[in-house]
Amino acid sequence: MAEERQIEGKTLLVTGGAGFIGSNFIHYMLKRYPGCRIINLDKLTYAGNLDNLKDIEDSPRYEFIHGNIRDKSLVQEVFKRVQGVVHLAAETHVDRSIQDAGEFVLTDVYGSFVLFEALRNSKVEFFLHVSTDEVYGSRDEGFFKEDAPLCPSSPYAASKAGADRLAYSYFVTYGMPIIIIRPSNNFGPFQYPEKFIPLFVTNALEGKNLPLYGKGTNVRDWLYVEDNCRAIDIVLRKGKKGESYNIGANNEVQNRTVAERIVDLLEKPRSLIKFVTDRLGHDKRYALDCGKIRSLGWKPEKNFDEALALTVRWYQGNMDWWRKIKEKSESFKSFYEQYYRKRK
Ligand code: NAD
Ligand code: TYD
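These numbers were taken from a predicted model, which means no experiment stands behind them.

Q: How do you make sense of the overall build of the chain when you look at a structure like this?
A: In terms of helices and strands, the chain carries 12 helices and 13 strands. A globule of 344 residues ought to have a C-alpha radius of gyration of about 20 Å, and the chain, at 19 Å, matches this closely. The buried share of the chain, reckoned over its 344 residues, is 57%. Look at the contacts in the chain between residues 6 or more apart in sequence, and 83% of them connect residues 24 or more apart. Surface summary for the chain: the accessible area is close to 14600 Å², and the carbon and sulfur share equals 50%. Taken as two groups, the 51 positive and 46 negative side-chain charges of the chain have centres that lie 1 Å from each other.

Q: Quick question: what am I supposed to make of the site of ligand 2 here?
A: Every one of the 20 residues lining ligand 2 counts as a neighbour, but Glu 134, Pro 211, Arg 220, Arg 279 and His 282 are closest to it. At 2.7 Å, a side-chain N or O of Arg 220 approaches an oxygen atom of ligand 2. Contact distances for ligand 2 include 2.7 Å between an oxygen atom and a side-chain N or O atom of His 282. For ligand 2, the protein covers 97% of the area, taking 500 Å² as the surface of the free molecule. Elements that contribute at least two residues to the shell around ligand 2 include exactly helix 3 (94-99), helix 6 (196-205) and strand 8 (210-213). Taken together, the residues of the shell around ligand 2 sort by class into 9 nonpolar, 5 polar and 6 charged.

Q: How should the pairing of strand 4 (residues 84-87) be read in this particular structure?
A: Residues in a regular strand project their side chains so that they alternate between the two faces of the sheet. Across the two faces of strand 4 the burial is the same, with Gly 84 and Val 86 and Val 85 and His 87 all buried. In terms of strand pairing, strand 1 (residues 11-15) meets strand 4 through 4 bridges, oriented parallel. For Thr 15, the partnering residue across the bridge sits in strand 4 and is His 87. Examined bridge by bridge, strand 4 and strand 5 (residues 126-130) share 4 bridges and lie parallel to one another. The residue bridging Gly 84 from the neighbouring strand is Phe 126, located in strand 5.

Rules of the game
- Residues numbered from 1 in each chain as written.
- Chains lettered and ligands numbered in written order.
- Predicted model: local features only at pLDDT ≥ 70, side-chain atom pairs only at ≥ 80, totals over all residues.
- Heavy atoms only, no water.
- Helix = DSSP H or I, 4+ residues; strand = E, 2+ residues; numbered from the N terminus.
- Rg over C-alpha atoms; globule rule 2.2 N^0.38 Å.
- Buried < 20%, exposed > 50% of the residue type's maximum accessible area, 1.4 Å probe, protein only.
- Contact = heavy atoms within 4.5 Å.
- Areas by Shrake-Rupley, 256 points an atom, 1.4 Å probe, with all protein chains shown as cover.
- Lys, Arg positive; Asp, Glu negative; His and termini not counted.
- Charge placed at Lys NZ, Arg CZ, Asp CG, Glu CD.
- Near = heavy atom within 4 Å.
- Polar contact = N/O pair within 3.5 Å; in protein donor to acceptor, adjacent residues only side chain to side chain.
- Nonpolar A, V, L, I, M, F, W, Y, C, P; charged D, E, K, R; others polar.
- Pairing = 2+ DSSP bridges.

Below, the structure is given as structure tokens:
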């Protein structure tokens, strides 16, 4: 096996570091590598939240830059100061992409292009592109390996698939040091409460209904965010340039089961769960073969029940964090008013 890449002593650019996975990852890396420095470039869209990083904002090893990954000159300047990049910035919510795909194309595809171009004109040693399991599309049985054809079905997934293959093209065409990961559905602390698990946990805590799409039989492979951060770290050190790595925990659960576990954990009535009109083009099931990342020495540390209980406890203990979003964010309120008014 090739020599491991060194992270200690390096400066990493994390794009989208004020979001859910980004803020968890920054915490993880600063703790794991006492000599690692992080620059966080984030536009602070509705999903970006500096509250997620309050405890480290004064660290001499951390710097926040408020900016857009689509800004070529800014990106070029930042690339001069770092040895590695972890690219997470994106528009990420499938339901919003169904309402309006424009920002998804502009940030997820064009924004990624700006980063890949800057990479060509830089001395950056490695670039980890964060794609998603949704690029494969849905399948009723079996598992996707990394060489399966991409068949995305939502505008979000299609934008991510565009960026995923553009990343690969910069490896093949220009020899750029890009590695791609395709994680499954993450959950854990600091996830914006429009996504399934935090929406259901916080709605249940507020005594509100839990809107389960369709029959609630869709299946996702749930991955605890800390396990994903450990996987990113391993791929940074041991991943091979030009390769893609699936990251999943083999925790396939139907949505209705997840909803029931949440209300049970919170000792709320199951009658809070309401079946509502299905999402357009709703992917039935995502399922990954993760043999490749496991061969690098990674495996998830938390099982689903344990990680869900930890997550529920985190939202119970951090009411101010999510209440500020649900009560004060215009983006949250207007999206939900528009989106849920139509769902019965
Ligand atoms: P998120 O929506 O919580 O955070 C996205 C972050 O990107 C926010 O801080 C936002 O302000 C920032 N951002 C958006 N547009 C930007 C721009 N133009 N310039 C700079 N910053 C910008 O997302 P997340 O759940 O943390 O996901 C992070 C990445 O992981 C995304 O690329 C997503 O596609 C991928 N991913 C997520 C999951 C998941 O379950 N959450 C699973 C697989 C892959
Ligand atoms: P989501 O968190 O949006 O992730 P993704 O669609 O990217 O997998 O949704 C996870 C699953 O939960 C998906 O099958 C859709 C479903 N879902 C609901 O049933 N109700 C909801 O209110 C939301 C947001 C999602």
